[in-house]
Amino acid sequence: PWLFEGEEFCHTLLVSAPGCGKTTYLRDLIRLLSDGTGSISGKNVSVVDERSEIGNRTRMGEGFYLGKRTDLLDHCPKAEGMLMLLRTMTPEILAADEIGGKEDIQAVEYVQNCGCVLAATAHGAPLEEGRERPGFRELLAEKTFKRLVFLSSRREQRGMVEAIYDGEFRQIFL
């Protein structure tokens, strides 16, 4: 419920240190959004998977189930892939893992103005650190993401949601 504004999923950024569950969380979120859950109807989701970590496709076409309304663009640079998916697949939700480079940030800025909701992950730690990172500083200042979800990096709690902030940096879950 914290990732929605009313009944609609909103621009969401999942943040944590490496190895703390961002990609797994994103994969589960993609599946739930695509198939629908509870009172939320399924959405058309497009995923750009630069390193084949989200879909984990093999040469035989096997991989993780991402939902019945999900299109997957595998082994394509994120920035280029986001724009390609926008132009060809008309997604309601676009997902990308580990945004961070200058090109990724520019693509995110473009996506936010195209009527498509973005779900993404990024390496990071507390909100204060993210506010200082080049590129993210601008995304945060422009309030691109309506939800900032921080996953715990503590060994015994890896992958658990530690805090959620809204686009105004108000903590809405701890």
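Here, every reference points to the structure presented above.
The following refers to the structure shown. Being a predicted model, the structure only gives us computed values, none of them experimental.

1. Some details on the overall build of the protein chain
A count of helical and extended segments in the protein chain gives five helices and 10 strands. Every one of the 174 residues in the protein chain was classed for burial, and the buried ones make up 45%. Residue pairs at least 24 apart in sequence account for 62% of intrachain contacts in the protein chain once pairs closer than 6 positions are excluded.

2. Description of the side chain of Lys 78
Among the secondary structure elements, Lys 78 is positioned in helix α2 (residues 78-89). The buried category is assigned to Lys 78, whose relative accessible area is 10%. Excluding anything up to four places from it in sequence, Lys 78 contacts Val 48, Glu 50, Ala 96, Asp 97, Glu 98, Ile 99 and Asp 104.

3. A look at empty space enclosed by the protein
For the coordinates displayed, the defined rule picks out two cavities of 30 Å³ or more. Val 48, Asp 49, Glu 50, Arg 51, Glu 53, Lys 78, Asp 97 and Glu 98 are the residues that line the second largest cavity. Looking at the lining of the second largest cavity, its residues break down into one nonpolar, no polar and seven charged.

4. Here we look at the sheet that holds strand β9 (residues 161-166)
Spatially, β5-β4-β6-β7-β3-β8-β9-β10 is the arrangement adopted by the eight strands of the open sheet, whose pairing is mixed. Both outer strands of the open sheet, β5 (70-74) and β10 (171-173), are each paired with one neighbouring strand and no more. Adjacent strand axes in the sheet meet at a mean angle of 20° when their direction is disregarded. Sheet topology places strand β3 (residues 12-16) next to strand β8 (residues 147-151); four bridges connect them, and they run parallel. Bridge pairing links Val 15 to Phe 150 in β8.

What counts and how
Residues numbered from 1 in each chain as written. Predicted model: local features only at pLDDT ≥ 70, side-chain atom pairs only at ≥ 80, totals over all residues. Heavy atoms only, no water. Helix = DSSP H or I, 4+ residues; strand = E, 2+ residues; numbered from the N terminus. Buried < 20%, exposed > 50% of the residue type's maximum accessible area, 1.4 Å probe, protein only. Contact = heavy atoms within 4.5 Å. 1 Å grid on protein atoms, 1.4 Å probe; cavity = no way out; pocket = protein on both sides within 12 Å on 5 of 7 lines; lining within 4 Å. Points joined across faces, edges and corners; volume = space filled by probe spheres on them. Nonpolar A, V, L, I, M, F, W, Y, C, P; charged D, E, K, R; others polar. Pairing = 2+ DSSP bridges. Axes fitted to C-alpha atoms, helices over the stretch in contact; angles between N-to-C directions.

Worth remembering: the numbers are spatial, not functional.
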